[in-house]
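One letter stands for each residue in the lines below.
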Amino acid sequence: MYKREDGSLCFGRNSLDKFFDYHSETLTGELVLMSDKYIETKLKENDFLDQYKNDKLTREAKDNIDEYRTKVFHKYIKYFNLLNEKMKG
């Protein structure tokens, strides 16, 4: 699981089930299944939604499903970090 020590929003992936991502409102809060609606709501509240939507992922011919899901995972991490930075400060 990926967890920030200094932010309030957490994001992670179960290493046994890499097709589902989870989030929590706090470091010790309950993990909830991640949805695009959740992250888009948080991004809209913090004025990052347009940037998120314009940050298109590219699916290359060589990408298998695991590689593409990893790209999605890294995009979520990028925006969770932006949200946490804005909330801190």
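Residues numbered from 1 in each chain as written. Predicted model: local features only at pLDDT ≥ 70, side-chain atom pairs only at ≥ 80, totals over all residues. Heavy atoms only, no water.

**Observations concerning the packing of aromatic side chains**
Consideration 1: Per the stated rule, a full pass over the model turns up one aromatic pair.
Consideration 2: Taking the centre distance of 5.1 Å and the plane angle of 90° together, the rings of Y52 and Y79 count as edge-to-face. Placement of the pair is Y52 in helix α2 (residues 49-54) and Y79 in helix α3 (residues 65-88), with a sequence separation of 27 residues. Y79 matches Y52 in its accessibility class, with the two residues each being buried.
Consideration 3: If you follow K75 out to its NZ or CZ, it ends over the ring of Y52, 4.2 Å from the centre.
Consideration 4: Sitting over the ring of F48, K86 keeps its end group 5.5 Å from the ring centre. (Phe/Tyr/Trp six-rings, centres within 6.5 Å; stacked < 30°, edge-to-face > 60°. Helix = DSSP H or I, 4+ residues; strand = E, 2+ residues; numbered from the N terminus. Buried < 20%, exposed > 50% of the residue type's maximum accessible area, 1.4 Å probe, protein only. Lys NZ or Arg CZ within 6 Å of the ring centre and 35° of its normal.)

**Some thoughts on the pattern of salt bridges**
Consideration 1: Per the counting criterion, the structure on display carries seven salt bridges.
Consideration 2: With a shortest N-O distance of 2.9 Å, D55 and K78 are connected by a salt bridge. With D55 in the loop between α2 and α3 and K78 in helix α3, the pair connects residues that are 23 residues apart, well separated along the chain.
Consideration 3: We classify D55 as partly exposed; its relative accessible area is 21%.
Consideration 4: On the basis of relative accessibility, which here comes to 39%, the residue K78 falls in the partly exposed class.
Consideration 5: A salt bridge links K62 to D63; its shortest N-O distance comes to 3.9 Å. (Salt bridge = Lys/Arg side-chain N within 4 Å of Asp/Glu carboxyl O.)

**Concerning the nonpolar core**
Consideration 1: In terms of nonpolar packing, the biggest core is built from twelve residues, these being M34, Y38, I39, L43, F48, L49, Y52, V72, Y76, Y79, F80 and L83.
Consideration 2: Listed by contribution, the elements that provide at least two residues to this core are α1 (36-45), α2 and α3.
Consideration 3: When residues no more than four places from it in sequence are discounted, the contact partners of L49 are E40, L43 and K44. (Core = buried A, V, L, I, M, F, W, Y, C linked by side-chain atoms within 4.5 Å. Contact = heavy atoms within 4.5 Å.)

**Some words on the confidence of the model for the protein**
Consideration 1: With 74% of its residues at a pLDDT of 70 or more, the protein has an overall mean of 79.
Consideration 2: By mean pLDDT, strand β1 (residues 10-13) is the weakest element of the protein at 64, and α2 is the strongest at 96. (pLDDT = per-residue confidence, 0-100.)

**Some remarks on the packing of α1 against α3**
Consideration 1: Two elements in contact, α1 and α3, have axes whose closest approach is 11 Å; the angle formed by their N-to-C orientations is 35°. You can see that α1 and α3 cross each other, and the crossing is left-handed. Within the contact between the two elements, α1 uses D36, Y38, I39, K42 and L43 and α3 uses Y76, Y79, F80 and L83. (Axes fitted to C-alpha atoms, helices over the stretch in contact; angles between N-to-C directions. Left-handed = near helix turned anticlockwise from the far one by under 90°.)

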